Amino acid sequence: MTIDTAGTLALIPGLPVYRKNSSVVLTAAMRGFCFALWRSAMVPIVITSGTRTPAAQASAMRTKLDLGEDLNALYKQDDLVNEILAGDTSLGGITATLTAQVNRGRYLSGHMTATAVDIRTQGADAAEMAKLRQAVAALKVKHIFEKVPQHLHIEGISSVYAV
């Protein structure tokens, strides 16, 4: 397996297994999981997010707020979400709150602990979505179809997938 400069994992150079842009950070476990997902689903895999710093998580949350997403409905840890919403909800304010939470050993998202990836679903047809959901279930990880913005959030990726 090789990873080219465009951030594509390939079994054979030039034949992509999945695609991502250069700003998406993936661990060995995430790369291995995405390969296993592709091998099981046999549909195009486009990774839109992997490991996130507090600043990257804040940016994702600010986007969700701007698009009208209810963060309490999305995240399980209401105490952490409420701490964010009770404070400064600017990008800088959310970053500061998330950083303070991390410093206390609390992580709002699996992205912040390198155990979650987001897969683009925009443009996927019903058959591709069914294959993705079936593959994710077979790989025994949790998944949530998020509509804002549209993607498949997959969490619980462990080192068992490391390549």
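Residues numbered from 1 in each chain as written. Predicted model: local features only at pLDDT ≥ 70, side-chain atom pairs only at ≥ 80, totals over all residues. Heavy atoms only, no water.

Participant: So what about the environment of Lys-20? Which residues, and what values?
Facilitator: One can find Lys-20 in strand β3 (residues 15-20). Judged by its relative accessible area of 16%, Lys-20 falls in the buried class. A C-alpha to C-alpha distance of 5.7 Å links Lys-20 and Val-46, two positions 26 residues apart in sequence. Within polar-contact distance, the side chain of Lys-20 engages the backbone oxygen of Val-24 at 2.9 Å. (Helix = DSSP H or I, 4+ residues; strand = E, 2+ residues; numbered from the N terminus. Buried < 20%, exposed > 50% of the residue type's maximum accessible area, 1.4 Å probe, protein only. Polar contact = N/O pair within 3.5 Å; in protein donor to acceptor, adjacent residues only side chain to side chain.)

Participant: Mind laying out the environment of Gly-93, listing which residues take part and the relevant values?
Facilitator: Along the chain, the position of Gly-93 falls in helix α5 (residues 91-103). With 62 residues separating them in the primary sequence, Gly-93 and Arg-31 have C-alpha atoms 32 Å apart.

Participant: So what's going on with unusual backbone geometry? Which residues, and what values?
Facilitator: Positive phi, close to 55°, is recorded for Met-42, a residue that is not glycine. Its place among the elements puts Met-42 in the loop between α1 (28-41) and β4 (46-49). The backbone of Ala-114 sits at a positive phi, close to 60°, despite the residue not being glycine. Relative to the helices and strands, Ala-114 is located in the loop between α5 and β5 (116-120). Residue classification places Ala-114 among the buried residues on the basis of a relative accessible area of 19%.

Participant: So what's going on with the packing of aromatic side chains? Residues and values would help.
Facilitator: Evaluation of the coordinates by the stated rule reveals 2 aromatic pairs. An angle of 35° between the planes, with centres 6.1 Å apart, marks the rings of Phe-35 and Trp-38 as tilted. Of the two residues, Phe-35 and Trp-38 are both situated in helix α1; the distance of 3 residues between them amounts to about one turn of the helix. On the accessibility criterion, Phe-35 (12% relative accessible area) is buried. The ring of Phe-145 carries the charged tip of Arg-133 above its face, separated from the ring centre by 5.4 Å. (Phe/Tyr/Trp six-rings, centres within 6.5 Å; stacked < 30°, edge-to-face > 60°. Lys NZ or Arg CZ within 6 Å of the ring centre and 35° of its normal.)

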